[in-house]
Amino acid sequence: MEYKGSSWHETCFICHRCQQPIGTKSFIPKDNQNFCVPCYEKQHALQCVQCKKPITTGGVTYREQPWHKECFVCTACKKQLSGQRFTARDEFAYCLSCFCDLYAKKCAGCTNPISGLGGTKYISFEERQWHNDCFNCKKCSLSLVGRGFLTERDDILCPDCGKDI
């Protein structure tokens, strides 16, 4: 056998750990030593914290722990999170969609989640919140951002539309 410019008897080209001939099987070189794949995985490969199997290619590190890309998934919907924007709550990782559905405040105007991602600004008044674009007079749709407003039950009104209440 030839490897890295050296010639070996087939029975002499062995795994550094188990001392068994590698022959034509796959092997992994590390620190000038050759390992059969099972021995390399046992001795050197990181173990996925989810499935406990060796990570042989790629992988993801989250909270200083190794994961297979396919094992690092959203706690709620099980969608793969590797390469996606995600967030966490109580040590559990969530895709943004599930996190918003489960935990984000809802806009009183459009009822969609207010994620706060990308510096999204929102208005908060008493127990309600609105996206900036949704904080409008209920009657005339004038934007009330940075302006005074009145309330009538659950509605917000500009001073002109609210002068009759």
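For the structure, see preceding data.
Definitions and limits used
Within any chain, residue numbers begin from 1 and follow the written order of that chain's sequence. For this predicted model, a pLDDT threshold of at least 70 governs which residues receive local features, and a threshold of 80 or more governs which side-chain atom pairs are given and counted, while totals over whole chains, interfaces and linings are taken from all residues. Think of the side-chain values as coming from all heavy atoms in the structure, minus any hydrogens and water. Going along the chain from the N terminus, every DSSP run of H or I of four or more residues is numbered as a helix, and every run of E of two or more is numbered as a strand. The classification of residues rests on relative accessible area computed with a 1.4 Å probe and restricted to protein chains. Under 20% of the type maximum is buried, over 50% is exposed, and intermediate values are partly exposed. When checking whether two residues touch, look at their non-hydrogen atoms; a contact exists if any pair is within 4.5 Å. Only the protein chains shown count as cover for residues, and all accessible areas are computed by the Shrake-Rupley method using a 1.4 Å probe. Just so you know, the count uses Lys and Arg for positive and Asp and Glu for negative, and it drops His and the chain ends. Criterion for a salt bridge: a side-chain nitrogen of Lys or Arg within 4 Å of a carboxyl oxygen of Asp or Glu. Counting of polar contacts relies on pairs of N or O atoms within 3.5 Å, with two restrictions inside protein: one atom must be capable of donating a hydrogen and the other of accepting it, and residues adjacent in sequence are counted only when both atoms are side-chain atoms. Any two rings among Phe, Tyr and Trp, with Trp reduced to its six-membered ring, count as a pair given centres within 6.5 Å; such a pair is stacked if its planes are under 30 degrees apart, edge-to-face if over 60, and tilted if neither.

Peer 1: Would you take a moment to explain the overall build of the protein for this structure?
Peer 2: When helices and strands are counted, the protein shows three helices and 16 strands. Principal-axis analysis of the C-alpha atoms places the extent of the protein at approximately 100 × 30 × 20 Å. The buried share of the protein, reckoned over its 165 residues, is 25%. Sequence-distant contacts in the protein: of pairs separated by 6 or more residues, those separated by 24 or more amount to 12%. Of the roughly 11300 Å² of accessible surface on the protein, a fraction of 47% belongs to carbon and sulfur atoms.

Peer 1: Explain the side chain of Arg128 to me, please; I cannot follow it from the model alone.
Peer 2: Following the sequence through the fold, Arg128 ends up in strand E14 (residues 128–131). Buried within the structure, Arg128 lacks any salt-bridge partner; its nearest side chain of opposite charge belongs to Asp154, at an N-O separation of 4.4 Å. One polar contact links the side chain of Arg128 to the main-chain carbonyl oxygen of Asp154, over a distance of 2.6 Å. Excluding residues within four positions of it along the chain, Arg128 makes contact with Ala108, Ile123, Thr151, Arg153, Asp154, Asp155 and Ile156.

Peer 1: Any chance you could explain the packing of aromatic side chains here in plain terms?
Peer 2: By convention here, two paired aromatic rings are described through the distance between centres and the angle between planes. For the coordinates displayed, the defined rule picks out 15 aromatic pairs. Between Tyr62 and Phe72, the aromatic rings sit 5.0 Å apart at their centres with planes inclined by 45 degrees, giving tilted as the arrangement. Taken together, the positions of Tyr62 in strand E7 (residues 60–62) and Phe72 in the loop between strand E8 (65–67) and strand E9 (86–89) put the pair ten residues apart, joining distant regions of the chain. Phe72 matches Tyr62 in its accessibility class, with the two residues each being buried. Seen in terms of ring centroids, Phe125 and Phe149 are 5.1 Å apart; in terms of plane orientation they differ by 85 degrees. Their pairing is edge-to-face. You can see Phe125 sitting in strand E13 (residues 122–125) and its partner Phe149 sitting in the loop between E14 and strand E15 (150–152), a full 24 residues away along the chain. Taking relative accessible area as the criterion, Phe149 reaches 26% and is therefore assigned partly exposed. One aromatic cluster is present, formed by Tyr3, Trp8, Phe13 and Phe27 through successive ring pairs.

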